[in-house]
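Residues per chain, in single letters:
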Amino acid sequence: MKKIVIRIAAVLVFGAALVIGAIGLGRIGHIGRNKPVDANYHSELFGENVYIFSPEDNADEVQEVIDRIYALQEENQFGDERYGIYFLPGEYDEDLHVNIGFYTQVAGLGKIPTDTSLGKMECLARWLGDDESNHNACCNFWRSVENLEFRNNSIWAVSQATDMRRVQMDKALFLHDDYGWCSGGFLADSKVISMVDSGSQQQWLSRNCDWGTWMGENWNMVFVGLQEGCTPTGTWPVRAYTDVATTDVIREKPFLIYDEARGYGVYIPRLREQSQGISWGEEDAVWVENQSEIDPKRDCILPIESFYIAKPNDSAAVINEELSKGKNLLLTPGVYLLDEPLLIEGENRICLGMGLATLRNTGGNSLMEISDESGIMVAGILFDAGPVPSEYLARVDGTGEEKACPITLSDLYFRVGGVYKDESTQVDTCLLIDADHVVGDNFWIWRADHGDGVAWDKNVANTGIVVNGDYVEIYALMVEHFEEYQTIWNGNFGRVFMYQSEIPYDVPGQEEWMSHDRNMPGYASFYVDEQVTDFQAYGLGVYLYNRDRAVTLNTAMEVPDGENVRVEHICTVMLNGYPGMNHIINDAGEAVDFAGDREILLYYQNGIYK
C-alpha cells in the first residue's frame with residue numbers, strides 16, 4: 001500500500017480489551033419476538049464472536065454494542081479479534097449508526113438487501129495519525145459489508161482486502177474520507193440510488209452495479225457489467241475509466257440468511273453469464289436439502305443443518321472429519337491454527353467464512369486444498385503464513401475434469417508477515433490455481449510492508465499467485481510486495497479485470513533482484529508465460545516505491561506477442577523514492593523516474609501498442 005510516510009498510531013487494544021472483557025460486548029437486552037438469539041445477542045450456533053440484532057431490540061443498547069466493537073477494532077490492524085455483526089430482516093432505527101473497523105463483517109440476514117434497512121454506515125480513516133485531520137485510509141483493510149439497505153449517506157473509505165456486496169444505498173456512497181489517501185477497492189452487485197463519489201481512490205473495480213451517477217477518478221477505475229447507462233462518460237487517455245460491457249461469468253458470493261419458517265440457511269446465488277446489473281430482486285430462491293440438489297441455474301438455499309459450524313478452537317482434523325461426512329463448512333469469526341490443510345472436496349461444496357475468519361498454518365503445511373470439482377465455492381477467508389516455511393497457502397487442484405459450473409473463489413485475502421513479533425514467515429507462493437474454469441472475485445495477496453516481523457529476510461515470499469489452469473477469470477486481482485514476480489500466469493484463455501500491484505519497497509540491492517537468469521533488472525509485476533496463446537486483461541496499475549535502495553525495474557508486465565494476447569489500459573506510477581521503472585509492457589511504454597510520474601498504454605497486442 002502507498003504510505004509515503006508511515007505513521008502508525010499506537011494501537012491501544014490491550015486496555016480496551018480489558019474493559020470490554022470485563023463488562024462484555026453484549027449486554028442484557030430485550031429479546032425480540034421470534035429472535036433466534038440469547039439476551040446477549042449471541043446464538044449458540046455461531047458463538048461469542050457473532051452478534052445478531054433485531055428491529056425490536058432497544059436501539060440504544062444495539063448502538064452501544066456496535067460502538068464497543070468499533071472501539072476495539074478501529075486501530076486493531078494486526079490483532080486476532082474477529083467479529084460478525086448481523087441484522088435480522090426489518091427496518092431499524094433511523095439514528096442507528098454502524099461504524100466498521102478491522103476484522104468486522106456487517107451483514108443483513110434477509111434474502112435481498114432491502115429486507116434489512118439501517119440508517120447509516122461508516123468506515124472512516126481517522127486513526128492513522130496524530131489527530132482527526134488525518135484521513136489516510138491506505139491501511140483500512142480486512143472488513144466487509146453486505147446484503148443491507150442504508151437509508152442515509154454513507155462513507156466506505158477503504159483500501160484492499162475489503163468487500164462491499166449486495167447493498168442498496170438510498171442516497172450517496174462516498175469511497176473516501178474527506179479526500180484522504182485511499183487505495184481500494186471492490187464494489188459488486190449493488191445499487192446506489194443517488195451517486196457514488198470515488199474521490200481520492202487510486203483504483204477501484206465496480207462489477208454488476210447500478211447507480212444514479214459516478215463521480216471521481218484517479219489512476220485506474222474499472223467498470224464491468226454495469227447496468228446499461230451507468231458507466232461514466234469518457235475513457236483513456238482523457239479519463240481513467242475502463243468499461244467492460246458485460247461480466248463474462250460470475251456466481252455471487254454465498255451469504256447467511258434467517259427465515260422465520262425454516263431458520264438459518266446459506267443462500268447460494270445462481271451462475272450468470274454475460275450479465276449486466278444486479279443479481280437480486282426478481283429471482284425466487286428454492287430451499288434444497290443438500291449440495292447435491294443445488295441447481296447452478298437458479299438461486300438456492302441450503303439449510304444450516306447441512307453445514308459444520310466450526311469454532312476457532314477446532315483442529316484441522318476435527319473439521320476435515322466433518323467435511324468427510326459430506327458437510328459444507330461455515331467458519332465462525334476467529335483465528336484457526338491448522339497443522340494440516342482443510343480439504344474442500346465434492347461437487348457444489350460450500351466453504352464460507354464469517355467475520356474475516358482467519359486460517360494460520362503451524363507446521364509448514366498448506367491451509368486449504370480445493371478439489372477440481374464442479375460448483376465448489378470458497379469465500380470470505382483470510383489466509384496467514386505461519387512461522388514454518390511452506391510451499392503455498394492454498395491450492396485449487398487441477399485434474400482437467402469437465403465441470404458443469406466453475407469453481408468460485410470470493411473475497412480471499414492472503415498475508416505474509418505483520419503478525420508474528422518474534423518469528424519470521426516464509427512461503428514460496430500464496431495461491432496456486434491449477435484447475436481449469438475458475439472464477440476469482442476480489443483477491444488481495446500481500447507480502448506485508450509494515451507490521452511485526454517485516455523485512456526482506458524476515459517475511460520471505462517469492463510470488464503472490466500462480467495460475468496454471470485454463471479459462472481462469474479474476475475480477476479485482478491485487479498483489480503486492482513479493483520478492484520476485486507478483487503474478488505468474490501460465491494458463492490459456494485467462495481474463496483479468498482490474499489489476500493493482502506494488503513492487504516491493506524493501507529490495508536490498510540490484511544484485512539480489514535480477515530476473516531472466518540474472519540478465520534483466522528486477523521482476524515484472526505480471527508475468528504471462530511465453531507459451532500462452534490467449535490472454536486478456538483490462539485496467540491495470542503497477543506502482544513503484546523504491547524506498548530503501550536505488551534499483552531499476554525493467555518493465556511492469558511481460559507478455560508474449562500473439563494475436564490473442566491483449567492488454568487494454570495499463571498504467572505505471574512512481575510513488576516516491578529512488579528511480580525507477582523503464583517500461584510498461586515488455587519494451588513498450590515510457591519510464592517513470594520521479595515521484596508522481598504516471599505513464600500509460602491504451603493497449604498492447606502482438607507487439608503493437610499505443
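Here is a short report on the structure shown in this document. No experiment lies behind these values; they were computed from the predicted model shown. (Residues numbered from 1 in each chain as written. Predicted model: local features only at pLDDT ≥ 70, side-chain atom pairs only at ≥ 80, totals over all residues. Heavy atoms only, no water.)

**So, helix α2 (residues 59-73)**
So, step 1. Here α2 spans 21 Å end to end across 15 residues, near enough to the 21 Å set by a 1.5 Å rise per residue.
So, step 2. Those residues of α2 that sit buried are Glu61, Val62, Gln63, Val65, Ile66, Ile69, Tyr70, Leu72 and Gln73.
So, step 3. Two to three positions downstream of the cap, the backbone nitrogen of Asp60 sits 2.9 Å from a side-chain oxygen, assigning the N-cap of α2 to Asn58. (Helix = DSSP H or I, 4+ residues; strand = E, 2+ residues; numbered from the N terminus. Expected span 1.5 Å × (residues − 1). Buried < 20%, exposed > 50% of the residue type's maximum accessible area, 1.4 Å probe, protein only. Polar contact = N/O pair within 3.5 Å; in protein donor to acceptor, adjacent residues only side chain to side chain.)

**Notes on the pattern of salt bridges**
So, step 1. According to the stated counting rule, one finds 32 salt bridges in the structure shown.
So, step 2. Here Asp441 and Arg165 are joined by a salt bridge, their closest N and O atoms 2.9 Å apart. Of this pair, Asp441 sits in strand β36 (residues 438-447) while Arg165 sits in strand β11 (residues 162-165), and the two are 276 residues apart along the sequence.
So, step 3. Owing to a relative accessible area of 0%, Asp441 belongs among the buried residues under this scheme.
So, step 4. On the basis of relative accessibility, which here comes to 4%, the residue Arg165 falls in the buried class. (Salt bridge = Lys/Arg side-chain N within 4 Å of Asp/Glu carboxyl O.)

**Let's talk about the side chain of Gln168**
So, step 1. With respect to the secondary-structure elements, Gln168 resides in strand β12 (residues 168-169).
So, step 2. A relative accessible area of 11% places Gln168 in the buried class.
So, step 3. Here Asp170 takes part through its side chain, which lies 3.0 Å from a polar atom of the side chain of Gln168.

**Re the packing of aromatic side chains**
So, step 1. Across all of its chains, the model carries 36 aromatic pairs by this definition.
So, step 2. Ring centres of Tyr485 and Tyr523 lie 5.1 Å apart, and the angle between their planes is 85 degrees; on these two criteria the pair is classed as edge-to-face. Placement of Tyr485 in the loop between β38 (472-480) and β39 (487-489) and of Tyr523 in the loop between β42 (520-521) and β43 (526-528) is noted, with a sequence separation of 38 residues between them.
So, step 3. Among the residues examined, Tyr523 registers a relative accessible area of 13% and is labelled buried.
So, step 4. With centroids separated by 5.4 Å and ring planes inclined at 5 degrees, the aromatic side chains of Phe497 and Tyr538 adopt a geometry described as stacked. Of the two residues, Phe497 is situated in strand β40 (residues 494-502) and Tyr538 in strand β44 (residues 534-546); the sequence distance between them amounts to 41 residues. Side by side, Phe497 and Tyr538 carry an identical accessibility label, which is buried.
So, step 5. Pairwise contacts between aromatic rings join Phe78, Phe102, Tyr103, Trp127, Phe141, Trp142, Trp444 and Trp446 into one cluster.
So, step 6. When the ring centre of Phe102 is taken as reference, the NZ or CZ atom of Arg143 above it lies at 4.4 Å. (Phe/Tyr/Trp six-rings, centres within 6.5 Å; stacked < 30°, edge-to-face > 60°. Lys NZ or Arg CZ within 6 Å of the ring centre and 35° of its normal.)

**Observations regarding the pairing of strand β46 (residues 564-577)**
So, step 1. Note that β44 and β46 share 12 bridges and pair parallel. Its bridge partner being in β46, Tyr538 is matched across the sheet by Glu568. (Pairing = 2+ DSSP bridges.)

**Brief notes about the sheet that holds strand β25 (residues 300-303)**
Hydrogen bonds between backbone groups are what pair the strands of a sheet, and the pairing can be parallel or antiparallel.
So, step 1. The strand order across the open sheet formed by four strands is β21-β22-β25-β24, and the pairing between neighbours is mixed. Edge positions in the sheet fall to β21 (255-259) and β24 (286-287), since each of these pairs with one other strand and no more.

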